[in-house]
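The chain contents come next:
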Amino acid sequence: MGKQRVQCRVEYETRPTDCRSPPCSQTEDNQAVNAPLLQHRKSASAEDRYFNLMNNGDASEIALTEDYCNEDYVNSHQLQQDHPCVIDIIRRKYLHSPSAVNGSVFVERTDVIDPSAGQSSIVLPHLNNKTGGFFVECGAGDGETLSNTYYMEKQLKWQGVLIEADRKSFSRILASKRQSYALPVCLSLKPYPTEVSFYEDGIAGEIYGDKISNLEEITTIENIANVQCFPLYSILLAVGRTQVDYFSVDVEGSESQILMSIPWHKVDIKTLTVEVTSRRQVDVDSLTKYMEKQNYKKVGLMAGLGYYDLIFVQNKEARHISFDRT
């Protein structure tokens, strides 16, 4: 007997549980997924095609196929950022809900109020020291040490999304009981899901290269793991939030590629801090020019040991603040 196709509606602006019942089980035929994909790519606007998005209004009605709605399929077929299959995988396999219990790993360090290197203190004035905001922190480390968002969550009642690909660091995020979503993934450098090899080194972890197919057989490579990556926009859809007050990007060298995969016309991100590890002026200028095209203004530059953090604010809210931590 052939498998029954089930329509699985994804409600993007609700909590990430809507696509779990009924289960998305379907046909044996690959055509069931490929045909609508080709149709949507053809009918989408030029801007949406550039960012690999589906045609407006059609994404919530795609029939998912259980046999194909997995990482291998979405990666190899470069499914759109807003494809229901991508959103479903994030929700079903990677997304950890906020802790119901307020906790902290800093048990013996009650004096630690803001463990960031100053990012929160420079961003918050641009948001009028807002309470109850929403953040995304990519390169979240263990969720506390040098966290750019810990103060916002604990002192100002923010919530958000913590993204960390290092497995040991991510386990500490879960242990710290942060009251935010958490995902053990990396942000994709492309406008579609990918799998990469990742060098695990705590807060200095970074994308190593392409996926290594026979990684478990190689004994000469240490601290390398294959990690699933999703576009930022996919993750935002999975948590039902496309408005973000603060986006922290600290991924040891891949920041520009992540930013260039974001469909800025689909999101509303108020402020960003973006690490630039090279400290080369040409890289700073290039990133600044790109963000200006997205209607952002560089309002500050934090200089640390071996890195810069550039601070960007949407033009309508920009007020210049200088901050140097050399």
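Residues numbered from 1 in each chain as written. Predicted model: local features only at pLDDT ≥ 70, side-chain atom pairs only at ≥ 80, totals over all residues. Heavy atoms only, no water.

1. Let's talk about the overall build of the chain
Now for step 1: In terms of regular secondary structure, the chain is built from ten helices and eleven strands.
Now for step 2: The burial tally for the chain puts 53% of its 326 residues in the buried class.
Now for step 3: Pairs at least 24 apart in sequence give 70% of the contacts found in the chain among residues at least 6 apart.
Now for step 4: Counting every atom, the chain has about 15,200 Å² of accessible surface; 46% of that belongs to carbon and sulfur. (Helix = DSSP H or I, 4+ residues; strand = E, 2+ residues; numbered from the N terminus. Buried < 20%, exposed > 50% of the residue type's maximum accessible area, 1.4 Å probe, protein only. Contact = heavy atoms within 4.5 Å. Areas by Shrake-Rupley, 256 points an atom, 1.4 Å probe, with all protein chains shown as cover.)

2. Digging into helix H4 (residues 84-94)
Now for step 1: Of all eleven residues making up H4, nine are buried, and the element is well covered by its neighbours.
Now for step 2: Looking only at H4, the buried set comprises Pro84, Cys85, Val86, Ile87, Asp88, Ile89, Ile90, Arg91 and Tyr94.

3. Re the sheet that holds strand S2 (residues 159-163)
The strands making up a sheet associate through hydrogen bonds between their backbones, and the pairing can be parallel or antiparallel.
Now for step 1: One open sheet accounts for seven strands, arranged S3-S2-S1-S8-S9-S11-S10; its pairing is mixed. Because the sheet does not close on itself, it has two edges, and the strands there are strand S3 (181-183) and strand S10 (296-304). Ignoring strand direction, the axes of neighbouring strands in this sheet form an average angle of 15°.
Now for step 2: Of the strand pairs in this sheet, S10 and strand S11 (residues 307-314) are connected by eight bridges, and their pairing is antiparallel. By the bridge assignment for S11, Lys298 is matched with Phe312.
Now for step 3: Where helix H10 (residues 281-293) meets the sheet, its contacts fall on strand S9 (268-276), S10 and S11, and the angle it forms with S11 comes to roughly 15°. (Pairing = 2+ DSSP bridges. Axes fitted to C-alpha atoms, helices over the stretch in contact; angles between N-to-C directions.)

4. Things to note about unusual backbone geometry
Now for step 1: One non-glycine residue, Asn128, lies in the positive phi region at around 55°.
Now for step 2: Mapping Asn128 onto the fold places it in the loop between helix H5 (119-123) and strand S1 (134-138).
Now for step 3: Take Asn128: its relative accessible area is 63%, and that puts it in the exposed class.
Now for step 4: For Lys157, which is not glycine, the phi dihedral falls at a positive 60°.
Now for step 5: With respect to the helices and strands, the residue Lys157 is situated in the loop between helix H6 (150-156) and S2.

5. Focus on the packing of aromatic side chains
Now for step 1: Scanning the model with the defined rule gives three aromatic pairs in all.
Now for step 2: Note on Tyr94 and Phe230: the rings are 5.4 Å apart at their centroids and 65° apart in plane angle, and the pair reads as edge-to-face. One end of the pair, Tyr94, is in helix H4; the other, Phe230, is in strand S7 (residues 224-230), with 136 residues separating them in the sequence.
Now for step 3: Judged by its relative accessible area of 14%, Tyr94 is buried.
Now for step 4: Measuring from ring centre to ring centre gives 5.4 Å for Trp264 and Tyr296, while their planes differ by 65°; the resulting arrangement is edge-to-face. Linking Trp264 in the loop between helix H9 (255-260) and S9 with Tyr296 in strand S10, this pair joins segments that are 32 residues apart in sequence. A single burial state applies to Trp264 and to Tyr296, both of which are buried. (Phe/Tyr/Trp six-rings, centres within 6.5 Å; stacked < 30°, edge-to-face > 60°.)

6. Side note on the confidence of the model for the chain
Now for step 1: Chain-level pLDDT for the chain is 78 on average; 68% of the residues reach the 70-or-more range.
Now for step 2: Of the regions scoring below 50 in pLDDT, residues 1-39 engages in 90 contacts with residues more than four places distant in sequence or in other chains.
Now for step 3: Taken as a whole, residues 318-326 scores under 50 in pLDDT and shows 31 contacts with residues more than four places along the chain or in a different chain. (pLDDT = per-residue confidence, 0-100.)

7. Quick look at the side chain of Asn148
Now for step 1: By secondary structure assignment, the location of Asn148 is in the loop between S1 and H6.
Now for step 2: Using a relative accessible area of 5% as the deciding quantity, one classes Asn148 as buried.
Now for step 3: Filtering out sequence-adjacent residues up to four positions away, Asn148 remains in contact with Ser116, Gln119, Ser120, Glu137, Tyr246, Ser248 and Thr273.

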